[in-house]
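Single-letter residue listing:
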Amino acid sequence: MCSLGRKIACGEKYEVKEIDLIDIKKLIDELSRYRFIKPRVHYTGGEPLLYAKFIELASYSKEKKIKWSVTTNGYALSNYYKYIVDNGCDKINISIHGDEGMHDRIVGVKGCFSMLASNLNILNEYKKSKNTPLPLIAVNCVISRKNVKYLHRILSTLRFLPVHSITFQHLIFSPDALEKPDSDVPRSKSEIYFIKDFINYIESKHFDVPILFFPRIQIKDLFNYYNNYVYPFKNICVFPWLALRIKTNGLVTTCNGFELGNIKYGKVKEMWNSCQNREFRNKLRRFGIFRDCQRCCHRQYY
């Protein structure tokens, strides 16, 4: 599912870089000094549990009273679950793409699902021993051509895991993806039917954990979501007013790859309120979302 993973699979060379812990601590120090609104921090991008300084990062986040969460594939959780719980992580997002055989095929690692399920149970038991409900465990399953026919089966598998919510995410894609015959985008009428049928099933039942869809596309618009890139959904997005991304080299970006500066050399607050960023937001407000934003998960569709 990940664009970086696809590039590596195609033989492209990629130098793995890790952000300097000093730079992250500098950022956390700045955020911790905010008095009225303290931004939460979400650790993601690649696999955060492979970060060499993850334990120190988790500990420092707790020390500075920063609310933090993490997205992980769960494979290495058995090495870090105590640090995650003890250092106040409030939510873990777990990416799961199918039942055991399907998930292993999609990620390309045999035994991955079994390891993941075991680790979630270990984490859950440790939470019980500490008498804490945190972190909440949220599972995210991206709907693609690889798994669209098996959504009912996937749900049956996921419901046996110790999770607090299950989200089925509509695939995020660029206009170029619609022109590729080997694309993961489920576009045929039969594939869209599988999605519609599954949504109808979820809406007709009551489950012990929330079953969500993201983004929340109305059933009548599903075919156009996956096939018509210029379909007239609502032409707005508020994400640049809510969040920033920080890359491994320290670059601070908003959506669409728009760069605002670098945490090595400046403060995030100054970048957030910069003329450059205000101009970007004003352009978005006046003219609406950009072409590559049409199928972003963060935009507003209605």
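Novice: I'm lost on the packing of aromatic side chains in this one. Help?
Specialist: The geometry of two aromatic rings is summed up by the distance between their centres and the angle between their planes. Applying the stated rule across the entire model yields 20 aromatic pairs. With a centroid separation of 6.1 Å and 50° between ring planes, the pair formed by Phe173 and Tyr229 is classed as tilted. Note that Phe173 is positioned in the loop between β5 (165-169) and α8 (189-204) and Tyr229 in the loop between α9 (222-227) and β7 (245-246), a separation of 56 residues in sequence. Look at Phe173 and you get buried, because its relative accessible area is 7%.

Novice: Explain a positive patch on the surface here, please?
Specialist: Together, Lys26, Arg33, Lys267 and Lys269 make up a positively charged patch on the protein surface. Tracing the sequence through the fold places Lys267 in the loop between β9 (259-262) and α10 (268-272).

Novice: Explain helix α4 (residues 77-86) to me, please; I cannot follow it from the model alone.
Specialist: All buried positions along α4 are accounted for by Leu77, Tyr80, Tyr81, Ile84 and Val85. All buried residues of α4 fall inside an arc of 140° around its axis, so they share one side. Residues of α4 that are buried make contact with α3 (54-63), β2 (68-72), β3 (91-95) and α6 (112-129).

Novice: Any chance you could explain the sheet that holds strand β8 (residues 251-253) here in plain terms?
Specialist: For sheets, the rule is that strands pair by backbone hydrogen bonds, running either parallel or antiparallel. Spatially, three strands are ordered β7-β8-β9 in an open sheet, and the strand pairing comes out antiparallel. At either margin of the open sheet sits one strand with a lone partner, and together these are β7 and β9. For β7 and β8, the ladder comprises two bridges, and the chain directions are antiparallel. Bridge pairing in β8 places Ile246 opposite Val252.

Novice: Help me out: how do you make sense of unusual backbone geometry in this one?
Specialist: For residues other than glycine, phi is negative in most cases, and the peptide bonds are mostly trans. The peptide bond linking Leu134 to Pro135 adopts the cis configuration, its omega dihedral lying at 5°. Assignment of secondary structure puts Pro135 in the loop between α6 and β4 (136-142). Here the bond from Phe214 into Pro215 is cis, since omega is -10°, no more than 30 degrees from zero. Along the chain, Pro215 turns up in the loop between β6 (211-214) and α9. Positive phi values are uncommon outside glycine, yet Lys65 reaches one of about 60°. Turning to its location among the elements, Lys65 is positioned in the loop between α3 and β2. Here Lys65 falls in the exposed class, since its relative accessible area comes to 69%. Here the phi dihedral of Asn131 falls at roughly 55°; this positive angle occurs in a residue that is not glycine. Inspection of the secondary structure puts Asn131 in the loop between α6 and β4.

Novice: Help me understand the sheet that holds strand β1 (residues 41-43), please; the structure alone is not making it clear to me.
Specialist: If you trace the six strands from one edge of the open sheet to the other, you get β1-β2-β3-β4-β5-β6, paired in parallel fashion. Edge positions in the sheet fall to β1 and β6, since each has one partner strand and no second. Adjacent strand axes in the sheet meet at a mean angle of 20°, parallel and antiparallel pairs treated alike. Pairing geometry for β3 and β4, over five bridges, is parallel. Along β4, the bridge assignment pairs Ser95 with Asn140. Sheet contacts for helix α7 (residues 151-158): β4, β5 and β6; angle to β5, the most-contacted strand, approximately 155°.

Novice: Honestly, the environment of Asp197 in this entry has me stumped. Any pointers?
Specialist: Secondary-structure assignment places Asp197 in helix α8. Residues Asp197 and Asn235 lie 38 residues apart in sequence; the distance between their C-alpha atoms is 28 Å. In terms of polar contacts, Asp197 uses its side chain to reach the side chain of His152, at 3.1 Å.

Novice: Before we go on, may I ask you to explain the nonpolar core in this structure?
Specialist: Within soluble globular proteins, side chains that are nonpolar generally end up buried alongside one another. Counting residues in each nonpolar core, the largest one holds 75 residues, and the members touching the most others are Ile84, Ile94, Phe168, Phe173 and Tyr226. At six residues, the largest contribution of residues to this core is made by α6. The contacts of Tyr226, once residues within four sequence positions are left out, are Ile143, His170, Leu171, Phe173, Leu178, Val185, Pro186, Arg187, Ile192 and Ile195. If you look at the next biggest cluster of nonpolar residues, it comprises eight residues, including Phe239, Cys255, Leu284 and Ile289.

Novice: What exactly am I supposed to notice about the pattern of salt bridges here?
Specialist: Any two side chains of opposite charge can pair, so long as their charged atoms come close to each other. Scanning the model with the defined rule gives 10 salt bridges in all. For Asp99, the salt bridge identified is with Arg153, shortest N-O distance 2.7 Å. Linking Asp99 in the loop between β3 and α5 (100-107) with Arg153 in helix α7, this pair joins segments that are 54 residues apart in sequence. The buried category is assigned to Asp99, whose relative accessible area is 12%. Notably, a salt bridge pairs Lys220 with Asp221, separated by 3.3 Å at the nearest N-O pair. Owing to a relative accessible area of 3%, Asp221 belongs among the buried residues under this scheme.

Calculation notes
- Residues numbered from 1 in each chain as written.
- Predicted model: local features only at pLDDT ≥ 70, side-chain atom pairs only at ≥ 80, totals over all residues.
- Heavy atoms only, no water.
- Phe/Tyr/Trp six-rings, centres within 6.5 Å; stacked < 30°, edge-to-face > 60°.
- Helix = DSSP H or I, 4+ residues; strand = E, 2+ residues; numbered from the N terminus.
- Buried < 20%, exposed > 50% of the residue type's maximum accessible area, 1.4 Å probe, protein only.
- Patch = residues over 30% accessible without salt bridge, like charges linked within 9 Å, V, L, I, M, F, W, Y side chains within 5 Å.
- Areas by Shrake-Rupley, 256 points an atom, 1.4 Å probe, with all protein chains shown as cover.
- Salt bridge = Lys/Arg side-chain N within 4 Å of Asp/Glu carboxyl O.
- Lys, Arg positive; Asp, Glu negative; His and termini not counted.
- Charge placed at Lys NZ, Arg CZ, Asp CG, Glu CD.
- Arc of directions from axis to C-beta.
- Contact = heavy atoms within 4.5 Å.
- Pairing = 2+ DSSP bridges.
- Axes fitted to C-alpha atoms, helices over the stretch in contact; angles between N-to-C directions.
- Polar contact = N/O pair within 3.5 Å; in protein donor to acceptor, adjacent residues only side chain to side chain.
- Core = buried A, V, L, I, M, F, W, Y, C linked by side-chain atoms within 4.5 Å.

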